[in-house]
Amino acid sequence: MFTYEGWGHRIYDHGQCAVNGIDRYLISLELPTPGTRCPAIPPTQAKIPTYKPLPGPVPGLPGWVRS
């Protein structure tokens, strides 16, 4: 386990320290050294994903209900 010294609940993409530690665990189940700390990355430097809304129902596709 390691500590991220920044903001937020999700830390992936908040600096190479966090990304490398998470990737290493997910790929090889290698835990970081106990006490490892990752420095905070200011929000303007962190990659914050943008999500596009899903399209609405399309007539003729499964799940389409005529009201």
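See above for the structure.
A brief look at the structure comes next. Values in this document were obtained by computation on a predicted structure and should not be read as measured data.

1. Observations regarding the overall build of the protein chain
Turning to step 1, where the next piece is worked out: If you tally the helices and strands in the protein chain, you get one helix and two strands.
Turning to step 2, where the next piece is worked out: Listing the helices and strands of the protein chain from first to last along the sequence gives β-α-β.
Turning to step 3, where the next piece is worked out: If you take every contact in the protein chain between residues at least 6 apart in sequence, the share linking residues at least 24 apart comes to 59%.
Turning to step 4, where the next piece is worked out: Of the accessible surface of the protein chain, which amounts to about 5800 Å², a share of 63% is contributed by carbon and sulfur atoms.

2. Remarks on the nonpolar core
Turning to step 1, where the next piece is worked out: In this structure, Phe2, Tyr4, Ile11, Ala18, Cys38 and Ile41 together form the largest nonpolar core, which totals six residues.
Turning to step 2, where the next piece is worked out: Every residue in contact with Tyr4, bar those within four places of it in the chain, is listed here: Ile11, His14, Cys38, Pro39, Ala40 and Ile41.

3. Thoughts on a nonpolar patch on the surface
Turning to step 1, where the next piece is worked out: Where nonpolar side chains cluster on the molecular surface, the patch consists of Tyr25, Leu26, Ile27, Leu29 and Leu31 and spans about 610 Å² of accessible area.
Turning to step 2, where the next piece is worked out: Tracing the backbone shows Leu26 in helix 1 (residues 16-28).

4. Observations concerning the pattern of salt bridges
Turning to step 1, where the next piece is worked out: Considering all chains together, one arrives at one salt bridge under this definition.
Turning to step 2, where the next piece is worked out: For the salt bridge of Glu5 with Arg37, the shortest nitrogen-to-oxygen distance reads 2.6 Å. With Glu5 in the loop between strand 1 (3-4) and helix 1 and Arg37 in strand 2 (residues 37-38), this residue pair connects regions lying 32 residues apart in the sequence.

5. Considering the environment of Glu30
Turning to step 1, where the next piece is worked out: Locating Glu30 in the fold gives a position in the loop between helix 1 and strand 2.
Turning to step 2, where the next piece is worked out: Beyond its immediate stretch of four places on either side in the chain, Glu30 contacts Arg24 and Tyr25.

6. Here we look at unusual backbone geometry
Turning to step 1, where the next piece is worked out: Here Asp13, not a glycine, exhibits a phi torsion of approximately 75°, which is positive.
Turning to step 2, where the next piece is worked out: Its location among the elements puts Asp13 in the loop between strand 1 and helix 1.
Turning to step 3, where the next piece is worked out: Residue Asp13 is classed as partly exposed on the basis of its relative accessible area of 28%.
Turning to step 4, where the next piece is worked out: Although it is not a glycine, Leu29 sits at a positive phi angle of roughly 60°.
Turning to step 5, where the next piece is worked out: Tracing the backbone through its elements, the reader meets Leu29 in the loop between helix 1 and strand 2.
Turning to step 6, where the next piece is worked out: We classify Leu29 as exposed; its relative accessible area is 59%.

Thresholds applied
- The residue numbering used here restarts from 1 in each chain and proceeds along that chain's sequence as written.
- Only residues with pLDDT of at least 70 are given local features in this predicted model, and only at 80 or more are side-chain atom pairs given and counted; all residues enter the totals for whole chains, interfaces and linings.
- With hydrogens and water stripped out, all remaining heavy atoms of the structure feed into the side-chain values.
- In DSSP terms, a helix is any run of H or I states spanning at least four residues, a strand is any run of E spanning at least two, and both are numbered starting from the N terminus.
- We call two residues in contact when some of their heavy atoms are within 4.5 Å.
- Shrake-Rupley sampling with a 1.4 Å probe provides the accessible areas, and residues are treated as covered by the protein chains on show and by no other component.
- What is meant by a nonpolar core is a set of buried Ala, Val, Leu, Ile, Met, Phe, Trp, Tyr and Cys residues, joined one to another through side-chain atoms within 4.5 Å.
- Exposure is judged per residue with a 1.4 Å probe applied to protein chains only, and the accessible area is read against the type maximum: over 50% gives exposed, under 20% gives buried, and values in between give partly exposed.
- Residues with no salt bridge and a relative accessible area higher than 30% make up the patches, which join like charges within 9 Å and nonpolar side chains (Val, Leu, Ile, Met, Phe, Trp, Tyr) within 5 Å.
- The salt bridge criterion pairs a side-chain nitrogen of Lys or Arg with a carboxyl oxygen of Asp or Glu, the two atoms within 4 Å.

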